[in-house]
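Observations on the model geometry
Okay, here's what each chain looks like letter by letter:
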Amino acid sequence: MTKINFYKLVSKENVMQKITPCIWFDNQAEEAVNFYTSLFSNSKIGIISRYDKESAKESGQPEGSILTIEFQLEGYKFLALNGGPTFKLNPSTSMFVYCDGDDVIEQLYNRLKEGGNILMPLDKYDWSPKYAWIEDKFGLTWQLDVENINSSQKIVPSFLFVNEKFDKVKEAFTYYTSIFPDSKIILESAFDKSAGLPDDTVLFAQFKLSDYLFNSMSGSTAKHKFDFNEAFSFIVECEDQQEIDYYWNKLSSEGGSESVCGWLKDKFGVSWQIVPKVLSEFLKDKYPAKSQRVMSAMLQMKKIIVADLEKAYKGN
C-alpha cells in the first residue's frame, strides 16, 4: 500500500528537534516501528540499540535483544523502547494527526483500526468535519482530524488531563512554556459556559515547546481509568551539564519526582528523560567495552552526570 503523503513538496529530513517522544512497548518495538513507518511518507528506521550484559541484567530483558529503535514519521524523530510489560500505553497521551483530506484520514483510519479498538468512530463532530480516535494493535492511541495547520509537523503529541487533573490544562501549558525556550501558546479554547465551570477552564490548547508542537485537552468531569505513566515519555536532549541541571531541577520540582537513568516525572505525572547529547555518541561507539561502561555508569544514576559518563567512556 502506498504511504500516506501529507505534504509532497516539503522535505523534513533534517528537522532539529529538542524534544523527542519515546514510546514504551512490551517487546513489540520492531513490529510497531515497521508498521508506523509503512503508513507515512518521509519516514525511516534509524539506529537500533540492543541490551548489553548490564542493561539486560537490570531490566530482565534478554541480552542482545532490541532495546531502542530510532525512527522518523513525516520527517520528525521518535524513539521506540522495548521495556517489557511494566508500563502500558493508554489514551492519556496520544498522537494527534492532522490530515489534509478525506482520502488521507480514511486510509489511516482503516489501517490503524486493524487489530485495535475504535474509541470514537470516523464521523463528523462538533469540532471537526471528520475525526476519529483509535487505539492501534500495540496500544498506542491516535486522534485523526481533517484540518490544515500552519506547520510541517502533522503528528502532534496530545495530553489528556483526566479525573482530578481535568482542569489543569491551562496550568500545565503555562508551566511548560515558562520552562522551555522558543515556546509559545498558539490557541486555547475554554469550556462552554453551560458546563458550569470557571470561565478560564480550558478544554483544548495547542502550544510549542522548543519549537515542537503539543496539544492538550481536558477529559471533562467524566471518570477515567487511566493517567499519565512512563509508557509515553519525552526525551530532552541537552548540550551540557548546566542544561541538564536546569531541566532536571525545573521539571522535578513542585511535586515532581526523580527516577533513574535520567527519567523523572513532573508535577502533573508526565514522564521526561533528561539526557546529554553526548550519551547517544557514547552508546553507539564501535568499541562495545566503552559503550558498556557508559551504560553501567548510567544505570547507577538518577540525574545524569556528564563528567561521570566521560570517565566511564575513557575507562578512568
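Computed from a prediction, not measured in an experiment: that's the story for all the values here. (Residues numbered from 1 in each chain as written. Predicted model: local features only at pLDDT ≥ 70, side-chain atom pairs only at ≥ 80, totals over all residues. Heavy atoms only, no water.)

Observations concerning the overall build of the chain
In terms of helices and strands, the chain carries eight helices and 16 strands. In terms of overall size, the chain behaves like a compact globule, its C-alpha atoms giving a radius of gyration of 20 Å where 316 residues would be expected to give roughly 20 Å. Its C-alpha atoms put the chain at 65 × 45 × 35 Å along the principal axes. Of all 316 residues assigned to the chain, the portion counted as buried reaches 53%. When contacts within the chain are restricted to residue pairs at least 6 apart in sequence, long-range pairs at least 24 apart make up 67% of them. As displayed, the chain has an accessible area near 14,800 Å², and 49% of this comes from carbon and sulfur atoms. (Helix = DSSP H or I, 4+ residues; strand = E, 2+ residues; numbered from the N terminus. Rg over C-alpha atoms; globule rule 2.2 N^0.38 Å. Buried < 20%, exposed > 50% of the residue type's maximum accessible area, 1.4 Å probe, protein only. Contact = heavy atoms within 4.5 Å. Areas by Shrake-Rupley, 256 points an atom, 1.4 Å probe, with all protein chains shown as cover.)

Some details on the confidence of the model for the chain
Any residue range with low pLDDT should be treated as having predicted coordinates unsuitable for detailed reading. Summing up the model confidence of the chain, the mean pLDDT is 92 and the portion of residues at 70 or higher is 95%. Confidence drops under pLDDT 50 across residues 1-14; counting only partners more than four residues distant or on other chains, this segment forms 43 contacts. (pLDDT = per-residue confidence, 0-100.)

What about the pattern of salt bridges?
Scanning the entire structure with this criterion turns up 15 salt bridges. Between D227 and K165 there is a salt bridge, with its nearest N and O atoms 2.9 Å apart. Of this pair, D227 sits in the loop between strand 12 (212-218) and strand 13 (232-238) while K165 sits in the loop between strand 9 (155-161) and helix 4 (169-179), and the two are 62 residues apart along the sequence. Given the relative accessible area of 25%, D227 is considered partly exposed. Two residues, E239 and K277, come together in a salt bridge whose shortest N-O distance is 2.7 Å. Taken together, the positions of E239 in the loop between strand 13 and helix 5 (241-251) and K277 in helix 6 (residues 277-283) put the pair 38 residues apart, joining distant regions of the chain. For K277, a relative accessible area of 32% puts it in the partly exposed group. Through salt bridges with shared partners, one network takes in K168, E171, E254 and K267. (Salt bridge = Lys/Arg side-chain N within 4 Å of Asp/Glu carboxyl O.)

Describing helix 7 (residues 288-298)
For helix 7, the complete set of buried residues consists of S291, V294, M295, A297 and M298. Taken down its axis, helix 7 places every buried residue within 165 degrees of arc, on the same side. Packing partners of the buried residues in helix 7 comprise helix 2 (53-59), strand 3 (66-73), helix 6 and helix 8 (306-314). (Arc of directions from axis to C-beta.)

A look at the sheet that holds strand 2 (residues 44-50)
In space, the eight strands of this open sheet follow the order 2-3-4-1-13-16-15-14, with mixed pairing throughout. Looking along the sheet, the strands with just one partner apiece sit at the ends: strand 2 and strand 14 (257-258). Contacts from helix 1 (residues 29-39) reach strand 1 (19-25), strand 2, strand 3 and strand 4 (76-82), with the element oriented near 10 degrees to strand 3. Helix 5 contacts strand 13, strand 14, strand 15 (263-265) and strand 16 (271-276) of the sheet and is inclined by roughly 165 degrees relative to strand 16. (Pairing = 2+ DSSP bridges. Axes fitted to C-alpha atoms, helices over the stretch in contact; angles between N-to-C directions.)

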